[in-house]
Amino acid sequence: MKTLTVKLKFYVILCLITVGIASIVWNCTRASAETTSMPDEVDYNFHIRPILSDRCFKCHGPDANKREANLRLDTPEGAFAALKDNPKGHALVAGNPEQSEMFLRIISKDSTLRMPPPSSNLKLSQYEIDLIEKWIKQGAKYKPHWAFIAPRKTRVPDADEDWTVNEIDNFVYDKMQQKGLDPNEEASKEQLLKRLSFDLTGLPPTVEMQEKFLKDTSPNTYEKVVDELLKNKHYGEKMATYWLDVARYADSHGYQDDGLRTMWPWRDWVIHAYNANYPYSKFLSWQLAGDLLPNPDGSTLPSKEMLLATGFNRNHKITQEGGVIDEEYRVEYVTDRTNTFGKAFLALTFECAKCHDHKYDPISQKDYYSTFAFFNQVPEKGLFGTIDASFADPPNMAITDADVKSLLNFINKRDTAKVMVMVMKDTSKVRTTYVLNRGNYDAHGDSVTFGLPKSILAYDTTKYGKGRLGLVKWMLDANNPLTARVFVNRIWAQFFGRGIVKTVGDFGMQGELPSHPELLDWLAVDFRENGWNVKRLVKQVVMSATYRQSSVITEKHLKTDPENIFLARASRIRLPAENVRDFVLASSDILNNEIGGPSVKPYQPKGLWEVATSGRGSLSRYVQDHESDLYRRGMYVFIKRTVPPPTMLIFDASNRDQCEVQRSRTNTPLQALVMMNDPQMVEGSRVMAESLMMEKSSVDEKLEKAFRKVLCRKPKEKEMAIIKQYFDSETSLLKKDAKKAEKILNIGEYKHLGVPDKTTTAALMQTIQMLYNMEEAIMRG
Amino acid sequence: MENEFFKNKLNITRRHFLSKSAVGLGSMALGSLLIPGLFTGEEENLAQLPLGLPHFAPKAKRVIYLFQNGAPSQLETFDYKPMLNKMAGEDLPESIRGGQRLTGMTANQTKFPLIGSYFGFKQYGQSGAWVSDMFPNMAKIVDDLCIIKTMNTEAINHDPALTFMQTGAQVGNRPSMGAWMSYGLGSENKNLPAFCVLLSRGRGNGQGVYSKLWTNGFLDSTHQGVVFSSGEDPILYLKDGEGIDKDSRRRMLDKLAELNHLGFETSGDPEVQAKVQQYEMAYRMQTAVPELTDLSKEPDHIVKMYGPECLVPGTYAANVLLARKLSESGVRFVQLYHQGWDQHGNLPNEMPLQAEDVDRASAALIMDLKQRGLLDETLVIWGGEFGRTNYCQGAFTKDNYGRDHHPRAYSIWMAGGGVKPGIVYGETDEFGYNIIKDPVHIHDFHATVMHLLGLNHEQLTYKHLGRRYRLTDVAGKLVPGIIV
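Let us look at the structure shown here. Computed from a predicted model, the values in this text were never measured in an experiment.

### Notes on the overall build of chain B
- If you tally the helices and strands in chain B, you get 15 helices and 17 strands.
- Sorting the 484 residues of chain B into buried and exposed places 60% on the buried side.
- At a minimum sequence separation of 6, the contacts of chain B that also span at least 24 residues come to 77%.

Below you can see the structure in the form of structure tokens.
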């Protein structure tokens, strides 16, 4: 008897361990599916569908051509129907796992029967099997995919009113409590200011701003700063930077010869649109159909600004390789537009339905080409001309001095020459669109007409009309379940480092589930109901107590919520590539804060373009700019697609090959090398050292000021001690070798200020460089 | 090196960090730049997980891919077709062309006059493989080579064809072969990236290369190919600024680590400690990499093998020698690109220049690896992105002609790393146009290369936006006929 108890105990412990491991794995891969133990009620959307979608739908899902055994498990009709090869059997029998063939197959010991088959390299964990069993026992209830049901505002949960500022906090607090977490303290004023300043403008707060904020003790100090920063002209730049990734903006055509293109006026428009706080509805519809919308001034032609906005759909790569087949590339461009549309606005992987029905999401190949039809009407060529034949292939538009003096006054046109920009236009006669078999440009299948996947929202031509105008109406329909959610989620990811739906580019079956579904829906509806007001949304986010928490990470955080899904602290986020550059230039006061204009070519290691070029075209050699053009913000650094700016890529920027909605955030030795040795970074230290040397202040004061410029806060005593030690040791060593100081200071083209004491300047410069290399420097905490 | 590592006074924080963060480690472990051996002792294995282990015993540990960019003609390298000389000037029979789509450059040609090689061919070695007279050095080592005459692709233009060859898809921002290998196997050397890229330009008509070819795609950007140059700054930003010597850099890093340690105490973020380690690795690279890329100290017999050009930075020969050194030091995947093989016209004059630039060094690499006992574990690949037409592009004359792009059959060779030596694999028809035996599609080629490295091409997947991606997409069959 005793041994039996021991054995039983052992077995129980073993089970617990197994379940524990399973749930850890579960939590890692499906972090938002909230289960450390078996849920009381198993939910199809949150618990079951992620498993079925990932492990079963590839062969038993929406793709009719690849469906095995004629069985589909993504619909209840399919799953409860009599089996084709065994009409007495059913894949699912509600309430009865033992009679559910599907369950019997997933637990089968016989590897020839077991599902998923071993050859698929897919497996179910015991925990997942248990979930499925319980779900069947509870009646195997299917639900439509959450993202395809229009969002609705639910009741705002109660929360600790001492903590909450707005509704965001109620939702977050509620979830946090469920997880046994409490919010962090509010961040220090210095940390908050740095966070706000980088998040809203991509620039560090100046020492003056820090002083002012620290001194201001009025109750609405924080809100005042928020309002000021939202009005700051650099807000538009910061917001635009994200959109340029989505829109795959670049300064060259891509593909191998990779000639110059002049789409930068479109980029200037994006900055303008954010600064002028265009509602998202206008931002979206002008970019998708500005050429077709009625002109606000009543004239029949679209305004030049509306036309310019449509450049969004022409930012894709264009080939200049002689000898390509015209139609092959024309189709490629339409494909790029279609895929970009899906990812940018709907967060769906449309591209998966190009060659066959989507394997996971209810997007058929026919749906794909019906959407494709909207973008298939452009009077364009696959190959307009070879290298440098054109900087803006037709259809295009000229921007003249007169335009810039009137309607397009936000364009930073630097000379009197007109600039050509690619824009959208539809052919006068509708081009018939065909399903392309296996996605091949020349394999025409059935013809299709304008349409969108009905699983999202049926496209009724009588209601919306045809063409891109109809598309826009469909997007902005209050019943469209995705438009607002996708944008709100992207903004959220921008400010919290992680979307409420982590996969900001995939709201489909294979995407992550929302960590705070009710919050996402509440925000989406609120956003739409308030006129798609972007600045209002941003303010809502940054005003929240959730946003204002300190970023201190405790042992408990690391244990219970390492990814910070439940937001019991602020996330520490490494600055995006562009802002790393901006930060150094701004803090050392050499930033040229001009907005817009043609992209610039700052310092770059020799030979990068030259070694990779075919030798043809105006971009075969890198001709570096000088003077103030060296000090423009990161977003204006020239992007030649085949050789993107190296420091940008090293800090995880997009290569602008395709639409990208999420960058990775890595931490590599190459980044350390950039921070230590890129002349642009080192030059900042040199200039700051020289200008501090010109100030009448003590060494301690200089060091402290440098610290505040770089770290955006006052140094601690211990930190000052280390910094001074370093400064002193460098000073005494450099005193012995005066030439060395000269060499160290000999960096960058920025004018030297003529400080006589080279030794001290060089030691100060070295010290500042060390500050720039601190981990905290390029982190927004 | 070790010495320098221990010079870091705050090395001790490593353990502190490890004990603190089970979480940070996972994200660090994946990087190709990171680096078994950075953690000594029991953590070593941990640092390599979950990837970094092959699926089964590998034959090859490393790859050197000598990419001949622009597509060298198979008909003037390894696929000897005397009938084309006999039929010179006659039109390609429609039955042979079989509806093959043509590039825009020859689509409007009314005639497709066949043309044979201007250069002679001879048989060499035990295998009796035919090699063009332009490649006397490669001819000498045919018994070490596995020549595949039946590579084929769907792409007919350079950009998509190159992208296909390198990433397994004609379009799209997919990870390249080297990035996949870095992701799947990690790095063997703690001071070097797992995936390195070397570029050179030839003397023939060139097509550019582009960073898309060595992109990490949707993989973490630590798997991106790191471009090395043979100039004085072999990796971008490696060299310290003027007036900064090793000691002063060390002093800065020590104080920096102290400051970061204080920062860690405040924020509690394990990423801070990871950052300290990245700076340490950068510091070690600053010594290790220039030592490695310095070719000036190569012994005479090595210079003789690769040819005097190997001492001229940026040449193909210098890059091949550098590739050997990187590979020998544990770089998983060294990818070279040599431009200039796009002979649409003037082939008899241009191609010998290209051959002259690459022949000696390519052969030297095989001999060099062999004499070092490394050929068995190093897979070397030589070839371009598609083949060239058996008919003339443009005006036809007997002693001058050009060839357009041809996707249906082209030749490459592989050597070492578990590939059968001294064989010629696959057969094309007597026109050199269609494959008649043993085709090797790009997906098959990728599957086989992965197999040689101990990876199952169907199992090495990465889930991105809801889909599990593979280098071989949804295709790819092993080619057992070329595996030892």
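### Some thoughts on the overall build of chain A
- When helices and strands are counted, chain A shows 33 helices and eight strands.
- By the compact-globule yardstick of 28 Å for 781 residues, chain A fits well, its C-alpha radius of gyration being 29 Å.
- When its C-alpha atoms are laid out on the principal axes, chain A stretches across 95 × 80 × 50 Å.
- Residues counted as buried form 55% of the 781 residues belonging to chain A.
- Sequence separation of at least 24 residues holds for 68% of the intrachain contacts in chain A that already meet a minimum separation of 6.

### As for the pairing of strand β3 (residues 396–399) of chain A
Residue and element names in this part refer to chain A.
- What you see with β3 is a clean split: Met397 and Ile399 sit on the buried side and Asn396 and Ala398 on the side with no burial.
- As defined by bridge partners, β3 adjoins strand β4 (residues 419–422) across four bridges and the pair is classed as antiparallel. The partner of alanine 398 across the bridge, within β4, is methionine 420.

### Structural notes on helix α7 (residues 167–178) of chain A
All names here are of chain A.
- For α7, spanning 12 residues, the distance from its first C-alpha to its last is 17 Å, which sits close to the expected 16 Å at 1.5 Å a residue.
- All buried positions along α7 are accounted for by Ile168, Asp169, Asn170, Phe171, Val172, Tyr173, Lys175 and Met176.
- Packing partners of the buried residues in α7 comprise α21 (517–529), α22 (534–543) and α23 (545–548).
- Glycine 180 lies just past α7 and shows a positive phi near 75°.

### Observations concerning the nonpolar core
- Among the nonpolar cores identified, the biggest contains 325 residues, and A:Val421, A:Val488, A:Leu771, B:Cys146, B:Val320 and B:Val380 are the most heavily contacted of them.
- When residues of this core are assigned to their parent elements, the largest contribution, 10 residues, is made by helix α14 (residues 347–371) of chain B.
- Counting residues in each nonpolar core, the second largest holds 23 residues, with A:Val42, A:Leu92, A:Ile106 and A:Met115 among its members.

### Considerations on the pairing of strand β8 (residues 378–383) of chain B
All names here are of chain B.
- Across the six residues that make up β8, a large majority, six, are buried.
- The two faces of β8 match: Thr378, Val380 and Trp382 on one face and Leu379, Ile381 and Gly383 on the other face are all buried.
- Bridge analysis of strand β1 (residues 62–68) against β8 gives six bridges, and the strand direction is parallel. Among the inter-strand pairings, arginine 62 is bridged to a residue of β8, identified as threonine 378.

### Observations regarding the interface of chain A and chain B
- In this assembly, 74 residues from chain A lie in contact with 64 residues from chain B.
- Going through the elements one at a time, α26 (608–612), α28 (669–677), α31 (717–735), α32 (738–745) and α33 (758–772) of chain A are the ones with two or more residues in the side of chain A that touches chain B.
- Across the side of chain A that touches chain B, the residue classes tally to 27 nonpolar, 32 polar and 15 charged.

### Examining the environment of A:Gln191
Residue and element names in this part refer to chain A.
- By the secondary structure assignment, glutamine 191 is in helix α8 (residues 189–201).
- Distance from glutamine 191 to serine 685, taken between C-alpha atoms, is 23 Å for residues 494 residues apart in sequence.
- Not counting the four nearest positions on each side in its chain, glutamine 191 is found in contact with Ser550 and Gly781.

Rules used throughout
Residues numbered from 1 in each chain as written. Chains lettered and ligands numbered in written order. Predicted model: local features only at pLDDT ≥ 70, side-chain atom pairs only at ≥ 80, totals over all residues. Helix = DSSP H or I, 4+ residues; strand = E, 2+ residues; numbered from the N terminus. Buried ≥ 20, exposed ≤ 12 C-beta atoms within 10 Å, placed from the backbone. Contact = placed C-beta atoms within 7 Å. Rg over C-alpha atoms; globule rule 2.2 N^0.38 Å. Pairing = 2+ DSSP bridges. Expected span 1.5 Å × (residues − 1). Core = buried A, V, L, I, M, F, W, Y, C linked by C-beta atoms within 7 Å. Nonpolar A, V, L, I, M, F, W, Y, C, P; charged D, E, K, R; others polar.

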